[in-house]
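One-letter residues, chain by chain:
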Amino acid sequence: MIEILLEILLSGLIEGLLEALVEVALEVLVLKVSNPSWELFRTGVRGGAVLLLGGIAGSLFTLAAPKPFLPASPVPGASLILSPLLAGVIMWRFGAWRRSRGSSTSCLSTFWGGALFAFGLSLARFCLVQ
């Protein structure tokens, strides 16, 4: 049980740090569409881009660390649910902290942006490390 919690905490912290770095990078790559009726489309494109970036980050991370950090847990795939939830909360708080200081944020500084990035990262890692 402690190994599962440690795995979730460790992967959540690593994903949170990666997401914070991507958050800063995304400030440069703001997607702008001039027609406001396309908001749903923009949201979908951003979500897909964040998920794809998470998958790319997970793949690159797997190249750097190809072995699991901890022994196999009794609940395979738990990180696919719990890590995105933890990372989503971390990024939601990070975004609130930045906004409280007057800084702009990207879609990654939301619960859903953080959770999608972490899910992409976890899924890539889960598939490649197995």
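Fair warning: this is a prediction, and the values are worked out from it, not measured in the lab. (Residues numbered from 1 in each chain as written. Predicted model: local features only at pLDDT ≥ 70, side-chain atom pairs only at ≥ 80, totals over all residues. Heavy atoms only, no water.)

**So, the overall build of the chain**
What counts here: Helix and strand assignments follow DSSP, with helices taken as H or I runs no shorter than four residues and strands as E runs no shorter than two, numbered in order from the N terminus. The buried label goes to any residue with under 20% of its type's maximum accessible area, the exposed label to any with over 50%, and the partly exposed label to all in between, with areas taken from a 1.4 Å probe on protein chains only. Throughout, a contact is declared for two residues whenever any of their heavy atoms are within 4.5 Å. The protein chains shown are the only cover counted for residues, whose accessible areas, like all others here, come from Shrake-Rupley with a 1.4 Å probe.
Check the secondary structure of the chain and you find four helices and zero strands. Reading the chain from its N end, one meets helices and strands in the order α-α-α-α. Burial statistics for the chain: of 130 residues in total, 36% are counted as buried. In the chain, 79% of the contacts between residues at least 6 apart in sequence involve partners at least 24 apart. Roughly 8,000 Å² of accessible area belongs to the chain as shown, and the carbon and sulfur atoms make up 75% of that amount.

**What to know about the side chain of S79**
In this structure, S79 sits in helix α3 (residues 79–100). Beyond its immediate sequence surroundings of up to four residues, S79 is in contact with P84 and S122.

**Quick look at the packing of aromatic side chains**
The test is simple: Pairs were defined over the aromatic rings of Phe, Tyr and Trp, the Trp ring being its six-membered one, requiring ring centres within 6.5 Å. Orientation was assigned from the angle between planes: stacked under 30 degrees, edge-to-face over 60, tilted for the rest.
For the structure on display, the rule yields two aromatic pairs. When the ring of F111 is compared with that of W112, the centres are 5.3 Å apart and the planes differ by 85°; the resulting orientation is edge-to-face.

**What about helix α4 (residues 111–129)?**
The criterion, for reference: The length a helix should cover is 1.5 Å for every residue beyond the first.
Between the first and last C-alpha of α4 there are 26 Å, a value that for 19 residues agrees with the 27 Å anticipated at 1.5 Å per step. The set of residues buried in α4 consists of G113, G114, A115, F117, A118, G120, L121, S122, A124, R125 and V129.

**Looking at α3**
Its 22 residues give α3 an end-to-end C-alpha distance of 31 Å, which sits within 8% of 32 Å, the value for a rise of 1.5 Å per residue. Of the residues flanking the end of α3, it is G102, one or two places downstream, whose phi is positive at about 85°.

**Remarks on the environment of L82**
When you line up the elements, L82 lands in helix α3. Given a relative accessible area of 34%, L82 falls into the partly exposed group. Linking L82 and F119, residues 37 residues apart in sequence, is a C-alpha distance of 9.3 Å.

**Topic: the packing of α3 against α4**
Worth spelling out the cut-off: Whenever a helix is involved, its axis is fitted only over the stretch in contact; in every case the axis is a line through C-alpha atoms, and angles between N-to-C directions fall within 0 to 180 degrees. Take the far helix as the reference: if the near one is turned anticlockwise from it by less than a right angle, the crossing is left-handed, and if turned clockwise, right-handed. For this classification, the nonpolar set comprises Ala, Val, Leu, Ile, Met, Phe, Trp, Tyr, Cys and Pro, the charged set comprises Asp, Glu, Lys and Arg, and every other residue, Gly included, is treated as polar.
Contact geometry of α3 with α4 gives a least axis separation of 7 Å together with a crossing angle of 145°. Note that α3 runs across α4; the crossing there is right-handed. In contact with S79, L80, S83, P84, L85, A87, G88, V89, M91 and W92 of α3, α4 contributes F111, G114, A115, A118, F119, S122, L123 and F126. Taken together, the residues that form the contact of α3 with α4 break down as 13 nonpolar, five polar and no charged.

**With respect to the environment of C127**
As for its placement among the helices and strands, C127 is situated in helix α4. When its relative accessible area of 53% is taken as the criterion, C127 is described as exposed. When the C-alpha atoms of C127 and T62 are compared, they prove to be 9.9 Å apart, with 65 residues separating the residues in sequence.

**Regarding a nonpolar patch on the surface**
Threshold: A patch is a set of surface residues, each over 30% in relative accessible area and not in a salt bridge, joined within 9 Å for like charges and within 5 Å for the nonpolar side chains Val, Leu, Ile, Met, Phe, Trp and Tyr. Counted as salt bridges are all cases of a side-chain nitrogen of Lys or Arg within 4 Å of a carboxyl oxygen of Asp or Glu.
Judged by side-chain polarity, L52, L53, I56, L60 and L63 come together as a nonpolar surface patch covering roughly 510 Å² of accessible area. Looking at where L63 falls in the secondary structure, it is placed in helix α2 (residues 39–64).

**Examining the environment of T43**
Considering the arrangement of structural elements, one finds T43 in helix α2. Through-space distance from the C-alpha of T43 to that of C107 is 8.6 Å; in sequence the pair is 64 residues apart.

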